[in-house]
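Descriptive structure summary
Residue-level listing of the chains:
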Amino acid sequence: QDETLEAVGFYATDSPTQYAISIYEEFNGTSFSVLRDSKSGSVAHPGWYTIKLDTAVGLQEGNGFGVVIKFTNYDYTYPVPLEANVLGYSSSATANPGESYASPNGSSWTDVTTYGGYQEDNICIKAFCRDPGGPSDPPPPGPCSAPTP
């Protein structure tokens, strides 16, 4: 079904963390193209944040999309939040190829599961969508059903 992407959630790993969210329509396996929307800002403390987009992005059934976030902080060496399989803590965490991509420069992307030691890791980013025929008031949008790289 068609949906509208209305918000993006992520973990900030440090105080403060700057973010630059970009929503793309296309991904060819190594780079994103067709920018649909973007939003930048800063959060003061580590933790989970849900950022509402200024304008909802329409998504068509069967078409993929990509949510790209550039994280910047000044004190912590690893600004990209990862869900990892840690025995006794998050031991049921899993990842599949094609779910999360990382880039050192924002232009060339590599599947996180291909990095040594990260085969079960995913980047902690979540896209929140709403059925366009649904209510415009709360409850908040749920996870998007369209495929994402």
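The sections below set out a description of the structure shown in this document. Please read all numbers here as calculations on a predicted model, not as lab measurements. Residues take numbers from 1 onward in each chain, read along the sequence in its written order. It should be noted that, the model being predicted, local features are given only for residues of pLDDT at least 70 and side-chain atom pairs only at 80 or more, the latter also being counted only at that level, while totals for whole chains, interfaces and linings use all residues. As a rule here, side-chain values come from all non-hydrogen atoms in the structure, and water together with hydrogens is ignored.

Under the scheme used here, helices are H or I runs from DSSP no shorter than 4 residues and strands are E runs no shorter than 2 residues, and both carry numbers assigned from the N terminus. In terms of helices and strands, the protein carries zero helices and 11 strands. The 149 residues of the protein split such that 35% are buried. Every residue pair with non-hydrogen atoms within 4.5 Å of one another is taken to be in contact. Sequence-distant contacts, at least 24 apart, represent 67% of the contacts inside the protein between residues at least 6 apart. Using a 1.4 Å probe, accessible areas were evaluated by the Shrake-Rupley method; residue-level cover was limited to the displayed protein chains. Accessible area of the protein: about 8600 Å², with a carbon and sulfur share of 50%. Exposure is judged per residue with a 1.4 Å probe applied to protein chains only, and the accessible area is read against the type maximum: over 50% gives exposed, under 20% gives buried, and values in between give partly exposed.

Let's shift gears to the side chain of Asp121. Examined against the element boundaries, Asp121 turns out to sit in the loop between strand 8 (110–111) and strand 9 (122–123). The charged-residue count follows a simple rule in which Lys and Arg add positive charge and Asp and Glu add negative charge, with His and chain termini not counted at all. Whenever a carboxyl oxygen of Asp or Glu lies within 4 Å of a side-chain nitrogen of Lys or Arg, that contact is scored as a salt bridge. Buried within the structure, Asp121 lacks any salt-bridge partner; its nearest side chain of opposite charge belongs to Lys126, at an N-O separation of 17 Å. Discounting chain neighbours no more than four positions away, the residues touching Asp121 are Leu82, Glu83, Ala84, Asn85, Ala95, Val112 and Thr113.

Turning next to the pattern of salt bridges. This model, assessed by the stated rule, comprises three salt bridges. For Lys39, the salt bridge identified is with Asp54, shortest N-O distance 3.0 Å. Taken together, the residues span a long stretch of sequence, with Lys39 in strand 3 (residues 32–43) and Asp54 in strand 4 (residues 47–59) at a distance of 15 residues. Classification of Asp54 as exposed rests on a relative accessible area of 65%.

Further remarks concern the packing of aromatic side chains. Aromatic rings from Phe, Tyr and Trp, taking only the six-membered ring of Trp, are treated as a pair when their centres fall within 6.5 Å; an angle between ring planes under 30 degrees marks them as stacked, one over 60 as edge-to-face, and anything in between as tilted. Overall, the coordinates contain 10 aromatic pairs when judged by the stated rule. Considering the side-chain rings of Phe10 and Tyr49, the 6.4 Å spacing of their centres and the 35° angle between planes classify their relative orientation as tilted. Placement of the pair is Phe10 in strand 1 (residues 3–12) and Tyr49 in strand 4, with a sequence separation of 39 residues. Judged by relative accessible area, which is 0%, Phe10 ranks as buried. Ring centres of Phe10 and Phe71 lie 5.4 Å apart, and the angle between their planes is 65°; this geometry places the pair in the edge-to-face category. Note that Phe10 is positioned in strand 1 and Phe71 in strand 5 (residues 66–72), a separation of 61 residues in sequence. Since its relative accessible area comes to 10%, Phe71 is described here as buried. An aromatic cluster is present here, built from Tyr24, Phe27, Phe32, Tyr101 and Trp109 joined pairwise through their rings.

We now examine the side chain of Ser22. Relative to the helices and strands, Ser22 resides in strand 2 (residues 17–27). Residues in contact with Ser22, not counting those within four places in the same chain, are Leu35, Asp37, Ser38, Gly66, Val67 and Val68.

Below, the discussion takes up the sheet that holds strand 2. The rule for pairing is simple: two strands pair if DSSP sees at least two bridges between them. Read from one edge to the other, the open sheet built from three strands follows the order 3-2-5, with strand pairing classed as antiparallel. Bordering the open sheet on either side are strand 3 and strand 5, each of which pairs with just one other strand. Along the sheet, successive strands turn relative to each other by an average axial angle of 20°, direction set aside. The pairing of strand 2 with strand 5 spans seven bridges and is classified as antiparallel. Every angle, taken between N-to-C directions, lies between 0 and 180 degrees, and every axis is a line fitted to C-alpha atoms, over only the stretch in contact when it is a helix.

To continue, consider the nonpolar core. Definition of nonpolar core: a set of buried residues of the types Ala, Val, Leu, Ile, Met, Phe, Trp, Tyr and Cys, connected through side-chain atoms within 4.5 Å. The biggest cluster of nonpolar side chains holds 18 residues, and the ones touching the most others in it are Leu5, Val8, Phe10, Ile21, Ile23, Val67 and Ile69. Core analysis: the next-biggest nonpolar cluster, separate from the first, contains five residues, Tyr24, Phe32, Tyr101 and Trp109 among them.

Another aspect to go through is unusual backbone geometry. Look at the link from Ser15 to Pro16: it is a cis peptide, with omega at -20°. As for its position among the elements, Pro16 is in the loop between strand 1 and strand 2. Positive phi, normally seen in glycine, also occurs at Val34, with a value near 60°. Mapping Val34 onto the fold places it in strand 3.

Just geometry here; none of it tells us what the structure is for.
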